[in-house]
Amino acid sequence: MLAPSDPNPRAAADAPPAAGRRWWHEPLLHFAVIGALLFAVHAVLAPAPPDDGRTIVVDRERLLTFLQFRLRRFADDDVGRQFDALSQSQLDALVQEYVRDEVLYREARLLGLDRDDDVIRQRLIQKVRFINRGVAAEAAVPGEDDIARHYQAHPDRYTEPAALTFAHIFFRAGDTGMPAALDRARALQQRMGNAPAAFDEGPGLGERFLYQVNYVDSGEPLLAGHFGADMARALFALPVDGRRWQGPLQSQYGAHLVMLVRHSPARLIPLAKARARVEDDLRRERAQDNERRLIDEVVAGYRVERRLAKPGASE
Amino acid sequence: MSIRASIPFALLLGLSAAAAGADGPPSAASYSPYAGEPVRTHVHWGDLHLHTSYSIDANSFGNRLLTPEDAYRFARGETIQAQNGMQVRLGRPLDFLMVSDHAEFLGLMAKIDREDPLLMQSEILRRWRSMRSQGRYIEVLREWAPYIQGGVREQLLPEAFSHSVWQEYAQTADRFNDPGRFTTFIGYEWTSMPDGDNLHRNVLFRDAAPTATRALPFSAVDSPRPEDLWKFLDDYETRLGGHAIDIPHNSNMSGGLMFRPLDSHGKAITREYARTRARWEPLVEATQIKGDSESHPFLSPNDEFASYGDWDWSNLGGSKKHESGWFAGEYVREALKTGLALGSRLGENPFKFGLVGSTDSHTGLSTAEEDNFWGKTSDREPSADRYLKTWMSAGSGGLHEHQLTLRELTAGMAAVWAPDNTREALFEAMKRRETYATTGPRMVVRFFGGWRFSAQDAVNPDPARIGNRKGVPMGGDLTQAPAGKAPSFLIHVARDPQGANLDRAQVVKGWLDADGAVHEQIYDVAVSGGRAIDADGRARTAVGNTVDVKNASYTNDIGAPELAVAWTDPDFDPARPAFYYLRVLEIPTPRWPAYDAVRFGFELPAEVDAVEQDRAYTSPIWYTPAN
């Protein structure tokens, strides 16, 4: 019913199977396909069958397909053999059944029964979307300039988020309560005085934390999960200082002394590094745009009559 | 989630899962402060089992639009349009993903509707195309069945087609592999299921596309026997220079075949078979949407938590009703026990595997979140009535026809302890089994075995360092018990940072006695809320339940955010082989149907299971007596 079920015979003849260029790569063909799609969508939505709708052709091929679905068997030879072995009266009965089904089908469509059936509707929509998507993707290959423009237009997508590297000394609130935990933290700070423990030794002076003793290039989502959103915010606000245990900060679990050795601010990934990703994104975005446009074009061919109490936004 | 080990002390050479009498840190003094320090690992979360429209069954069940690219984008946190038109996004992105579409006619369905001329030369494929155009998707699926059930050994697809799809598929994985941030693995599912008995395995490559594509995917059409798959993997490593493993799953629907002590010809396993299998199968997927394979009440009648996600009515094909004789070959705990016996007899343990979970979702959407569950197949994406549907489309499922979608678990996740989020680091961690499975949540589970863990170690501020210095992590080995010592375990579990509190941590022990019989015992080693642990090692009091089904909510007023303990086996016999793994239980939380009822505004029938206890299973630590 849809155009691609009739592959371009020229392409099939001159394109060897292994060659990259297949029939749907032909630009001209895209127009043909889009045109055919318009027709197909029209054919689906419009109730009238082709020609006068009053002729039913019965041939071997149609009857074979009919018989296959009847028997739920699709090994052609078997069904073919069975078909050829039919007696005259069996054949007549089959033709009669086929004609009756076909007539009922056409009448159902004439009555528009297919339109009220959401199963049929969704299936057809899906088929058209699938074909659309293939056509749309093929027409979406971007050039270098496009890639650079897309990169500049969406810095947010190609930005490495801010991240922290730090160790922490933890004091559990637990049974003793938060004030006591804060006191233990401050006491340790004082004891260390001008000789603070090293980055990887400090955590050993505190108590056991649920998750990690240090965090390397960790972003906000992870830190908010482990320490809570408030403490994550406080961490990002600390100055970098590899010779000091800052704080104490508070999480829902207790008090933390923090040695922050690196704060990598959010930074734009250079285009050279992000290029493959940008191209991917652009290709996908264009394919989606193309698909939307295809559908819009078809929709534009229809006149929509709003019969609603509420007027539309543009009215 | 990028954790690059750029801090010097984390940069240590591969002190991997060293088998050990594990006594004491290296003693010789060195100028280097880092020598002898363990590598610092972090837990990475992912899914090693996901299907897209490139799989024949996924496609036939309604996934016509979502490709591997969509799957990778979704897993790394992007918003995607689902098959049903809704926008969908993960609560938390994954750290790694393997798209594992079925090798049998990979990508065929995604291309057949475009009538690729390469495909239209085949009469069968032309017929499939025409059946699909008439909406007879499930019938195509049924015609596919003989190819994976061992009846038909014919390669349907032209090699040029298979090559181009495989190239595209592998290159897509490479494109989305982003070391340090998001790792993709090239892989596929080998879908052998003779007579409907599930022997499925996922093949996972460490390599990038140029190496991985040196061989076409090995499919059940090539051979339905696992031994032949392992030959293929051996050839891939020795001749083609790559690295790979395979991961079995759904042993629970294998008709008792997955872990029986026989090879695929029905002959007793040999030492060679055992060695080969253990080499290629360091991991088993123990939990997923189609049920949980850790344990079953039939095998473990004294384990009140054994019944969870039991899919025990038939084999996977739905062709045979389940028989009680199958259980022993279907559940992971029993297989680990069988492995001890075989290992003792053969000198090689064929079932020396660690554990992961994964989804096996066929929607292209890896969702293991209870409140964001997109189902097993695309025709079961969220809707007001999905919980009433049977779990397979009508006409496709034999004995499955009466089983409701309701039985689907929102499971599972693969947790991997590795120094970096890269293909190499994760792959090596999987080979050494430093992994655990969860049924969805992301609780952080540390489990070390050694000979001299003390109560003090459990309150140590840095349990990971102590654990690695004094013992071996999950997946490791203990041997040469010091005189008078029993294995001790350092255990530290923290709840999912965004999830529910913990009920308890349990050590599951299996052992082989002097008469060659195997046994199991469960020890509650840390429980929340000050509940008593009886002399037999069990806490009989349930943790309670805060779930409000009507609102699909719970509170963390019960349970504990964290459990930590050093535990020593009270019943150790140094002459007997044993394994130990940790099972962690969350407090009860709402299941996905409860969220459906709230979101779609309907009343959930009282008989629907709306509450569950999610859990984690670590890889075991084995004890093997020295000869």
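Conventions we followed
- Sequence positions are assigned chain by chain, starting from 1 and proceeding in written order.
- By the order in which they are written, chains take letters starting at A while ligands take numbers starting at 1.
- Thresholds applied to this predicted model are a pLDDT of at least 70 for local features of residues and 80 or more for the giving and counting of side-chain atom pairs; totals over whole chains, interfaces and linings are not thresholded and use all residues.
- Here the side-chain values reflect all heavy atoms present in the structure, with hydrogen atoms and water set aside.
- By definition, two strands form a pair when at least two bridges between them are found by DSSP.
- In DSSP terms, a helix is any run of H or I states spanning at least four residues, a strand is any run of E spanning at least two, and both are numbered starting from the N terminus.
- The angle between two axes is taken between their N-to-C directions and runs from 0 to 180 degrees, where each axis is a line fitted to C-alpha atoms and a helix contributes only its stretch in contact.
- Whether two residues are in contact is decided by their heavy atoms, any of which lying within 4.5 Å being enough.
- Throughout, exposure labels follow a simple rule: accessible area from a 1.4 Å probe, protein chains only, divided by the maximum for the residue type, with under 20% read as buried, over 50% as exposed, and the rest as partly exposed.
- Buried Ala, Val, Leu, Ile, Met, Phe, Trp, Tyr and Cys residues that are joined via side-chain atoms within 4.5 Å together make up what is termed a nonpolar core.
- Stacked, edge-to-face and tilted labels apply to pairs of Phe, Tyr and Trp rings (six-membered ring for Trp) whose centres lie within 6.5 Å, assigned for plane angles under 30 degrees, over 60, and everything in between, in that order.
- In this scheme, Lys NZ or Arg CZ marks a charge over a ring once it lies within 6 Å of the ring centre and within 35 degrees of the ring normal.
- Each angle is binned into one of four classes, with values under 35 degrees roughly parallel, values over 145 roughly antiparallel, values of 65 to 115 roughly perpendicular, and all other values oblique.
- The sense of a crossing depends on the near helix, which, turned anticlockwise from the far helix by less than a right angle, makes the crossing left-handed and, turned clockwise, makes it right-handed.
- Three categories are distinguished: nonpolar for Ala, Val, Leu, Ile, Met, Phe, Trp, Tyr, Cys and Pro, charged for Asp, Glu, Lys and Arg, and polar for the others, with Gly belonging to the last.

Draft legend 1. Representation of the sheet that holds strand E7 (residues 201-205) of chain B. Residue and element names in this part refer to chain B. Spatially, three strands are ordered E6-E7-E8 in an open sheet, and the strand pairing comes out antiparallel. The two strands at the open ends of the sheet, each matched to only one other strand, are strand E6 (187-190) and strand E8 (244-248). Each adjacent strand pair in this sheet contributes to an overall mean axis angle of 25 degrees, direction not counted. Pairing geometry for E7 and E8, over five bridges, is antiparallel. Paired with Leu204 across the strands is Ile245, a residue of E8. Against the sheet, helix H9 (residues 226-238) engages E6, E7 and E8, with an angle of about 160 degrees to E8.

Draft legend 2. Just helix H2 (residues 68-75) of chain B, in detail. All names here are of chain B. Here H2 lies mainly inside the structure; eight of its eight residues are buried. Those residues of H2 that fall on the buried side of the exposure criterion are Pro68, Glu69, Asp70, Ala71, Tyr72, Arg73, Phe74 and Ala75. Directly beyond the C-terminal end of H2, a positive phi value near 115 degrees is found at Gly77.

Draft legend 3. Focus on the nonpolar core. Counting residues in hydrophobic clusters, the biggest one holds 159 residues, and the most contacted among them are Leu235 of chain A together with Phe105, Leu108, Trp128, Tyr436 and Ile491 of chain B. Looking at this core element by element, the count peaks at seven residues for helix H7 (residues 159-176) of chain B. Grouped together as the second largest cluster of nonpolar side chains are 17 residues, Phe96, Met98, Leu283 and Ala425 of chain B included.

Draft legend 4. Representation of the packing of aromatic side chains. Across all of its chains, the model carries 38 aromatic pairs over all chains by this definition. Where Phe209 of chain A meets Tyr253 of chain A, the ring centres are 6.0 Å apart and the plane angle is 75 degrees; that geometry is what we call edge-to-face. Residue Phe209 of chain A is found in the loop between helix H8 (178-192) and strand E3 (214-218), and its partner Tyr253 of chain A is found in the loop between strand E4 (246-250) and strand E5 (254-264); the two are separated by 44 residues along the sequence. On the accessibility criterion, Tyr253 of chain A (8% relative accessible area) is buried. Considering the side-chain rings of Phe572 of chain B and Tyr623 of chain B, the 4.9 Å spacing of their centres and the 75 degrees angle between planes classify their relative orientation as edge-to-face. You can see Phe572 of chain B sitting in the loop between strand E20 (562-568) and strand E21 (578-586) and its partner Tyr623 of chain B sitting in strand E25 (residues 621-624), a full 51 residues away along the chain. Take Tyr623 of chain B: its relative accessible area is 2%, and that puts it in the buried class. Taken together, the ring pairs in this structure connect Phe166, Phe170, Phe209, Tyr211, Tyr215, Phe227 and Tyr253 of chain A into an aromatic cluster. A cation over an aromatic ring shows up here: Lys509 of chain B above the ring of Trp511 of chain B, its NZ or CZ 5.0 Å from the ring centre. The ring centre of Tyr308 of chain B lies 4.1 Å from the NZ or CZ of Arg615 of chain B, which sits over that ring.

Draft legend 5. Seen up close, the packing of helix H5 (residues 123-133) of chain B against helix H6 (residues 137-148) of chain B. All names here are of chain B. At their nearest, the axes of H5 and H6 sit 8 Å apart, and the two run at 150 degrees to each other. Taken together, the axes of H5 and H6 lie roughly antiparallel to each other. Crossing handedness for the pair H5 and H6: left-handed. From H5, Ile124, Arg127, Trp128, Met131 and Arg132 reach across to H6, where they touch Tyr137, Glu139, Val140, Glu143, Trp144 and Tyr147. Grouping the amino acids of the contact of H5 with H6 by side-chain chemistry returns seven nonpolar, no polar and four charged.

Draft legend 6. Examining the sheet that holds E5 of chain A more closely. Residue and element names in this part refer to chain A. Within the open sheet, the four strands sit side by side as E3-E2-E5-E4. Their pairing is antiparallel. Looking at which strands have only one partner, the edges of the open sheet turn out to be E3 and E4. Taking each pair of neighbouring strands and ignoring which way they run, the sheet shows an average axis angle of 30 degrees. The sheet contact formed by E4 and E5 spans three bridges and is antiparallel. Within E5, the position partnered with Gln250 by the bridge is Ala255. Each of strand E2 (163-172), E3 and E5 is contacted by helix H9 (residues 220-227), which is oriented at about 150 degrees to E3, the strand it contacts most.

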